[in-house]
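# Overview (structure and organization)
Next come the chains, spelled out residue by residue.
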Amino acid sequence: MFTVKRRINFYDCDPAGILFYAKLFEICHSVYEEMINSFKLKENYWSNDSFVVPIIKTDGAYFKPLRAGDIVSINLSVTLLKGSSFELTYEWINNAGELAAKARTVHVFVNKKRWKKIPINDDIVKGLESHQRDVNL
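This text gives an overview of the structure that appears in the document. (Residues numbered from 1 in each chain as written. Predicted model: local features only at pLDDT ≥ 70, side-chain atom pairs only at ≥ 80, totals over all residues. Heavy atoms only, no water.)

### Some words on the packing of aromatic side chains
- Counting across every chain of the model gives nine aromatic pairs.
- A ring pair is formed by Tyr32 and Trp46, whose centres lie 5.4 Å apart and whose planes are at 80 degrees; its orientation type is edge-to-face. Taken together, the residues span a long stretch of sequence, with Tyr32 in helix 1 (residues 21–38) and Trp46 in the loop between helix 1 and strand 2 (51–52) at a distance of 14 residues.
- Judged by relative accessible area, which is 2%, Tyr32 ranks as buried.
- A ring pair is formed by Tyr32 and Phe86, whose centres lie 6.4 Å apart and whose planes are at 45 degrees; its orientation type is tilted. Taken together, the residues span a long stretch of sequence, with Tyr32 in helix 1 and Phe86 in strand 5 (residues 85–93) at a distance of 54 residues. Pair check on accessibility: Tyr32 and Phe86 agree, each one buried.
- Ring-pair connections join several aromatic residues into one group, and the members of that group are Tyr32, Tyr45, Trp46, Phe51, Phe86 and Phe109. (Phe/Tyr/Trp six-rings, centres within 6.5 Å; stacked < 30°, edge-to-face > 60°. Helix = DSSP H or I, 4+ residues; strand = E, 2+ residues; numbered from the N terminus. Buried < 20%, exposed > 50% of the residue type's maximum accessible area, 1.4 Å probe, protein only.)

Here it is in structure tokens:
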């Protein structure tokens, strides 16, 4: 599991002061980027000639309000790892230690030129495996 703390900013919220639904995925993506960057890969994951890693599926569930000013812990886990794809689950824990939201993203490795699935690089598999955990959404 990879854990990051975030403050919910006012600009992340709707007029009622509650986290705007699209911001959930924007913040999740920033946590995903931090996790990948922590792998210290030799090849640039975000910009290279070999592969791209599009998100092919997302979903989210909201259980408690997330308000401007809240400090949340976002626990990111790799919940499925296949030859060419992986699933990430994000658990948002509020100030009271309660599960406030969950999100899930599924990513697939594709050849940048042919746009066909390819195996995940061994260095990336190793990094993903270090954050593997069973989580039910």
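### A look at a nonpolar patch on the surface
- Where nonpolar side chains cluster on the molecular surface, the patch consists of Phe20, Tyr21 and Tyr62 and spans about 340 Å² of accessible area.
- Structurally, Tyr21 can be placed in helix 1. (Patch = residues over 30% accessible without salt bridge, like charges linked within 9 Å, V, L, I, M, F, W, Y side chains within 5 Å. Areas by Shrake-Rupley, 256 points an atom, 1.4 Å probe, with all protein chains shown as cover. Salt bridge = Lys/Arg side-chain N within 4 Å of Asp/Glu carboxyl O.)

### Comments concerning the side chain of Asp70
- Among the structural elements, Asp70 can be located in the loop between strand 3 (55–62) and strand 4 (71–81).
- Arg67 is the oppositely charged side chain nearest to the buried, salt-bridge-free Asp70, at an N-O distance of 6.1 Å.
- Of note is the side chain of Asp70, whose polar atom sits 2.9 Å from the backbone nitrogen of Arg67.
- Residues in contact with Asp70, not counting those within four places in the same chain, are Arg6, Arg7, Ile8, Pro65 and Asn95. (Lys, Arg positive; Asp, Glu negative; His and termini not counted. Polar contact = N/O pair within 3.5 Å; in protein donor to acceptor, adjacent residues only side chain to side chain. Contact = heavy atoms within 4.5 Å.)

### Let's talk about the pattern of salt bridges
- As enumerated under the stated definition, the model contains eight salt bridges in all.
- The partner of Glu26 in a salt bridge is Lys23, and the shortest N-O contact between them spans 3.4 Å. Highlighted residues: Glu26 and Lys23, both in helix 1, separated by three residues, approximately one helical turn.
- Among the ionic pairs, Arg104 bridges to Glu87, the shortest N-O distance being 3.0 Å. In this pair, Arg104 is assigned in strand 6 (residues 99–108) and Glu87 in strand 5, connecting sequence segments 17 residues apart.
- On the accessibility criterion, Arg104 (17% relative accessible area) is buried.
- According to the relative accessible area criterion, Glu87 is buried, its value standing at 12%.
- Taken together, the salt bridges that share partners define one network made up of Asp12, Lys23 and Glu26.

### Some words on the nonpolar core
- Membership of the largest hydrophobic core comes to 34 residues, with the highest contact counts inside it found for Tyr32, Met35, Tyr45, Phe86, Tyr90, Trp92 and Phe109.
- When residues of this core are traced back to their parent elements, those giving at least two are strand 1 (2–7), helix 1, strand 4, strand 5, strand 6 and helix 2 (122–129).
- Examining the composition of this core, we find that seven residues originate from one element, helix 1, more than from any other.
- Discounting chain neighbours no more than four positions away, the residues touching Tyr45 are Tyr32, Ile36, Phe51, Val53, Phe86, Phe109 and Ile124. (Core = buried A, V, L, I, M, F, W, Y, C linked by side-chain atoms within 4.5 Å.)

### Re helix 1
- With 18 residues, helix 1 extends 27 Å from end C-alpha to end C-alpha; this agrees with the ideal 26 Å at 1.5 Å per step.
- Among the residues of helix 1, Lys23, Leu24, Ile27, Cys28, Val31, Tyr32, Met35 and Ile36 are the ones counted as buried.
- Those residues of helix 1 that are buried lie in contact with strand 1, strand 3, strand 4, strand 5, strand 6 and helix 2. (Expected span 1.5 Å × (residues − 1).)

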